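Analysis of the macromolecular model
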Amino acid sequence: MLLNPCKKQKEIEYISIHDFLTGIYNRRYFVEAFMKFDHPNYYPLGLMMVDLNGLKILNDAYGHDKGDIALKEVARVLNEETQKEDIVCRIGGDEFAIIFKNTQVLILDKIKDNIGRKLSQVFVENIPLSVAVGYEVKLDEVRTFEEIMKNAENQMYRNKLTEGKSIRNNSIKAILKTLTDKFEEEKIHSDRVSHYCRLIGQKLNIKTDDLNELEIAGLFHDIGKISIPDHILHKKSFLSKEDYEIIKTHTENGYNILRAADKYSNLAEYALTHHEHWNGLGYPRGLSKEEIPLFSRIIAIADAYEAMTSDRVYRKAMSQEDAVREIIRCSGSQFDPLIARIFVEEVLGFDFDSDMS
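Numbers given to residues run from 1 along each chain, matching the order in which its sequence is written. Reporting of local features is limited, given that this is a predicted model, to residues whose pLDDT is at least 70; pairs of side-chain atoms are given and counted only at 80 or more, and all residues count toward the totals for whole chains, interfaces and linings. Side-chain numbers come from the whole structure's heavy atoms, not from hydrogens or water.

**Quick look at the pattern of salt bridges**
Salt bridge, as applied in this entry: a Lys or Arg side-chain nitrogen positioned within 4 Å of an Asp or Glu carboxyl oxygen. Tallied over the full model, the rule gives 27 salt bridges. Residues Glu81 and Lys118 are paired through a salt bridge, measuring 3.4 Å at the closest nitrogen-oxygen approach. Here Lys118 lies in helix H5 (residues 105–119) and Glu81 lies in the loop between helix H4 (64–80) and strand S2 (87–90), a separation of 37 residues in the sequence. Each residue is assigned to one of three classes by its accessible area relative to the maximum for its type, calculated with a 1.4 Å probe on protein chains only: buried under 20%, partly exposed between the two thresholds, exposed over 50%. Classification of Glu81 by relative accessible area gives buried; the value is 19%. Taking the relative accessible area as the measure of exposure, Lys118 reaches 29% and is therefore partly exposed. Taking the shortest distance from any N to any O, the salt bridge between Asp353 and Arg341 comes out at 3.0 Å. Remark: Arg341 occurs in helix H15 (residues 337–347) and Asp353 occurs in the segment after H15; sequence separation between them is 12 residues. Using a relative accessible area of 57% as the deciding quantity, one classes Asp353 as exposed. Overall, Arg341 belongs to the partly exposed group, its relative accessible area being 29%. Through salt bridges that share partners, Glu73, Arg76, Glu80, Glu81 and Lys118 make up one connected network. Helix and strand labels come from DSSP, where a helix needs a run of H or I of at least four residues and a strand needs a run of E of at least two; each type is numbered from the N terminus.

This is the structure in structure tokens:
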């Protein structure tokens, strides 16, 4: 059956001016609409710029499907908090714009507050949605569209700088909570690794501020596992080669998540490199010896020891003695030999050089 030519033409016209994901107007229509209504009959003409905070963190942690849900939710709230005659558009990846005809600053300020409040009550996974908002009002024909848009954007970016840091930091905490709430084993593992890291750091005489960072690094080292499919993390048998290759991506996933937040930016490097080996045969970069950050070398030993001495769904825990033998055996190949010795002797209280066979 042939499509009605008029219907097909309307569909083409609709697609050409609407955003495919959210269903609101797109950038092309936004520019055309502003030019159309840039006329004294519509002054004061308001322009509001809206930017979704933390979209990259959402995409890195949970996948683009979750990021798409967040974008749709922003579009929904923008539509709900504006009038039918207002023009709501998505003009970029995480950017939206709204055109208001015959408006006032007080109205725009109220709408801005309503948008922020309503989105703070919308959660994608454990993360509340947040936007940066800026607006400008055109009162006459003197100032150009470009100037109005730039002023609105600058106000939006100032808003983003003020609030963005804490929002990103809170998003990281929410991601870790999602992981540890879903997998109790991961919560126990992270807590214990963090504890062992601090004990090793104390024996290395690391100063207090750095010691606190090391402890947090141990807590966050596996945050990239949030991106690993649940069926692999829940698997009750040994991992296949394919599964293992997927698991290995958690270091890079963790790096991408953590580097997005200023407070945790240093931790990103440790999450990336805690599976590097002293002999250069680890992943993902194949770093060796002192090329590997000190905190990553500490995490590597704490991580391995905790994993060996804990029950897993596919095996029982090793005895402490067997785990210590493994740390000693891998000293100088997988592990930094100095840190391995300090951990075995000064943290665990075993003789590194004794025959434990």
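**Remarks on the pairing of strand S3 (residues 95–100)**
Counting buried positions along S3 gives six out of six residues, so the element sits mostly inside the fold. Burial along S3 is two-sided: Glu95, Ala97 and Ile99 facing one way and Phe96, Ile98 and Phe100 facing the other are all buried. Here strand S1 (residues 45–52) runs beside S3; their pairing, made up of six bridges, is antiparallel. Paired with Met49 across the bridge in S3 is Ala97. Strand pairing follows a simple DSSP-based rule, namely that at least 2 bridges must link the two strands. Two strands pair when backbone bridges link them, and S2 and S3 are joined in this way by four bridges, in the antiparallel orientation. From the neighbouring strand, Cys89 faces S3, where its bridge partner is Ala97. The turn joining S2 and S3, which pair antiparallel and follow one another in sequence, is formed by four residues.

**What about the nonpolar core?**
Nonpolar cores are built from buried Ala, Val, Leu, Ile, Met, Phe, Trp, Tyr and Cys residues. Side-chain atoms within 4.5 Å join them into one set. Judged by nonpolar contacts, the single largest core of 81 residues is most densely connected at Met48, Ile115, Ile172, Ile175 and Leu258. Here this core gets eight residues from one element, more than from any other, and that element is helix H13 (residues 294–308). Those residues in contact with Met48 that lie beyond four places of it in its chain are Phe96, Ala97, Ile98, Phe100, Leu108, Ile111, Lys112, Ile115, Val133, Gly134 and Tyr135. Residues Phe34, Leu47, Cys89 and Ala152 belong to the second largest nonpolar core, which totals 21 residues. Between two residues, a contact is recorded if the distance between any of their heavy atoms is within 4.5 Å.

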